[in-house]
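The residues making up each chain are set out below.
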Amino acid sequence: MLDPRAEPSEGFSEEKTEPFSQSEIEARFPGVGVEEPVIPTDPEAVPLDVLQVEDHHHKQGIRILVRPLTKLPGSRSVSPGSDNCQWLALRAEVATSDKPEHKVLAVTQTSKDIKFSVRIPGSAEEDLSRPPLWCELYYDPASDEVIFLNKSDVPILLGQISRSAVASTPPSERHVINPGFAKGLRPGTFRIKVRDIAVLDFRILEKRPVVIYEPPLSPVVPEDSPPSSPSFITTDQLNTSLKRALTPDEDVKRAKRRISDASEGPDDGVIMFFGPAEPLVFPLPNAREGKELASANGHALLDAEQGDMVAVPGVCELDQYQLTKRDPIASTALSAVFTASHSQVPNNIVTVKVLKTRVANPDNKPLVHERNVIRQADMWLRECQSQQDLQHESIVRYYGGDARFLSLYMEHIDAKDLTSPAHWRNKSNDEFTGTREDSIRILRDISNALSYLHSRKLVHNDIKPANILYSPERGAVLCDFGLTTLASSTPSGGGTPYYIPPEFIARKTRGPESDVWALGVTMLYTMRVIKFPDSRARRQHPKPLYWQIAQIHGQPASPYAYKQYGNGQPAVNQMRDWLAEIYEARERLTSKDRLERLVKDMLAPNPAHRITMDKIVRELSIEQAVAA
């Protein structure tokens, strides 16, 4: 979305954007169901972990094997993706003549699947043969781990079972998962019990490794070399003549993070030597070093370095692509944004946004990582669903996403956001550096984008300077739809505090009118009536103000919030102080000037009196026609 030559942004604006609560995410985006036939049972089946999973199964992206242990009429499997479940007949490690194969349900993770869910309807109280069950298995993009979430109304007993298939699981390997709680699971075989009834077994498989290719290597030719120098390079010269020469400090470490299985032979023009401690990798001349990055070791898109190409495997040809990492744009605790070349996107260049699941400072608190995986996965799903059908010239184009990495691929816009230092913001005084014509163009373009959005019964919920890209050539473009909701289901939290409307204090409500208010505050900044609002979050500011939106109504603070909030006063007091400054700035606007009058109407304290985006579009269109 930003210029590929741009330096990474300061990032504090995005950090201050509060996420939605988990309950709100669940209420707005329920899973899409995929109906399955009645599931057969096999009481004499061997344990799942002795079934042989072949290489071609791994290449299909299979992540979970499921086997019911009791007859479950009306049961079904549910997942946001499609065509991700199939019945497989697998052989045991030691097959028998009477039972050469065993039927299991194989679950594939495609680019659309952030989780796999199993829902079993409850039965009458006197009939305990059909216990209620609703569990979800979220895939962690940064590891082989799967997060088990109990969505049922009753506790679930989750036990890891061994190859011996003993009748009872050791207490150390049993976990009671209460309703609403989660548990991180490494690859292995597990059994679910509800009301002391064994319901089903499932086995988690390792993820398919991703190959990362480094840029092509070229020899460094000394300046005094004669033109007739040989075109080949000897093994003795290898370490001194290549730009990426192996050193104990850098390249051995680099090789370590890329090798998933030391037992595999060399490939892609690479000679590998395995010593007693660490493997050494010597790339051959004019080759590309290609190593598999094991899913348990990291996140391919985040761990790849600038210039590296990530070969993303797919379930089918349409699901695979190559992504070459280019320039960084921004990085925070919640996400990373960078430009890249995408093999299946027109014009090749895209902006990539990756939602992070790693927790930098878990503080040894329980379930921090598990909750973060679930929250980020649902945030990815929300952003994909809110953008996939939007087609407007002032809204950044969405190409698609990949659930396996929690990545989103969007149009690359050669423009800076309105907070960019040295472009649209004076870093010394935090004032907008554009002209009045720039302000009018920004209002016209973003009003058109919001009018289009509101006509589709959607609310952006995070309008602010950091989410508006602008250049005089392209105009203003709205981006970041991670908090977008239906107008009929407005959130009680989420967003950035300086752009929340006054009615939120009393009514706890938001909607299209809140987008109008937020754009009005943004326009005060572009007209230089106020300075960059987010600068008030800095502790060194003469009049610091920062609060958590969720705390206005006494909700717990987000774990990603800063430990010290503004001036230390209650959130509602700080918000009222800020609104007083906005009202004072509004009074300085004159109704004789069309731009100032429109902004003044956008900042009406009563949302019922606030101008709509559609009316602003009409007024600016008339003015533009008259001027023409």
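Just so you know, these numbers come straight off a predicted model, no measurement behind them.

A. Spotlight on the overall build of the chain. In terms of regular secondary structure, the chain is built from 13 helices and 28 strands. Looking at the chain alone, contacts between residues at least 24 apart form 66% of all its contacts between residues at least 6 apart. When the accessible surface of the chain is split by element, carbon and sulfur atoms take 51% of a total near 28600 Å².

B. Quick peek at the packing of aromatic side chains. For the structure on display, the rule yields 11 aromatic pairs. Taking 6.2 Å as the distance between ring centres and 5 degrees as the angle between the ring planes, the aromatic pair formed by Phe-148 and Phe-202 counts as stacked. Taken together, the residues Phe-148 in strand β8 (residues 146-150) and Phe-202 in strand β13 (residues 197-204) connect sequence positions 54 residues apart. Taken as a pair, Phe-148 and Phe-202 share a single burial class, namely buried. Aromatic pair Tyr-498 and Trp-578: ring centres 5.3 Å apart, planes at 75 degrees, arrangement edge-to-face. Of this pair, Tyr-498 sits in the loop between β28 (485-486) and α9 (503-507) while Trp-578 sits in helix α11 (residues 571-587); the two residues are 80 residues apart in sequence, bridging distant segments of the chain. Taking relative accessible area as the criterion, Trp-578 reaches 4% and is therefore assigned buried. Every member of this aromatic cluster is reached through a ring pair, and the members are Trp-424, Phe-432, Tyr-470, Tyr-525 and Phe-532. The ring of Trp-134 is capped by Lys-151, whose NZ or CZ atom sits 4.9 Å from the centre of that ring.

C. Fine view of the packing of helix α10 (residues 512-526) against α11. Relative orientation of the contacting elements α10 and α11 amounts to 65 degrees, with a least axis distance of 11 Å. Between α10 and α11, the angle is such that the two are roughly perpendicular. Here α10 runs over α11; the crossing is left-handed. Contacts from Trp-517, Val-521 and Leu-524 of α10 reach α11 at Trp-578, Leu-579, Ile-582, Tyr-583 and Ala-585. When grouped by side-chain class, the residues that make up the contact of α10 with α11 number 8 nonpolar, no polar and no charged.

D. Fine view of unusual backbone geometry. Even without being a glycine, Asp-430 presents a positive backbone phi close to 60 degrees. For Asp-430, the position within the fold is in the loop between β24 (416-417) and α8 (436-455). You will see that Lys-508, though not glycine, has its phi angle at about 60 degrees, which is positive. Assignment of secondary structure puts Lys-508 in the loop between α9 and α10. With a relative accessible area of 37%, Lys-508 lands in the partly exposed category.

What counts, and where the lines are drawn
Residues numbered from 1 in each chain as written. Predicted model: local features only at pLDDT ≥ 70, side-chain atom pairs only at ≥ 80, totals over all residues. Heavy atoms only, no water. Helix = DSSP H or I, 4+ residues; strand = E, 2+ residues; numbered from the N terminus. Contact = heavy atoms within 4.5 Å. Areas by Shrake-Rupley, 256 points an atom, 1.4 Å probe, with all protein chains shown as cover. Phe/Tyr/Trp six-rings, centres within 6.5 Å; stacked < 30°, edge-to-face > 60°. Buried < 20%, exposed > 50% of the residue type's maximum accessible area, 1.4 Å probe, protein only. Lys NZ or Arg CZ within 6 Å of the ring centre and 35° of its normal. Axes fitted to C-alpha atoms, helices over the stretch in contact; angles between N-to-C directions. Parallel < 35°, antiparallel > 145°, perpendicular 65-115°, else oblique. Left-handed = near helix turned anticlockwise from the far one by under 90°. Nonpolar A, V, L, I, M, F, W, Y, C, P; charged D, E, K, R; others polar.

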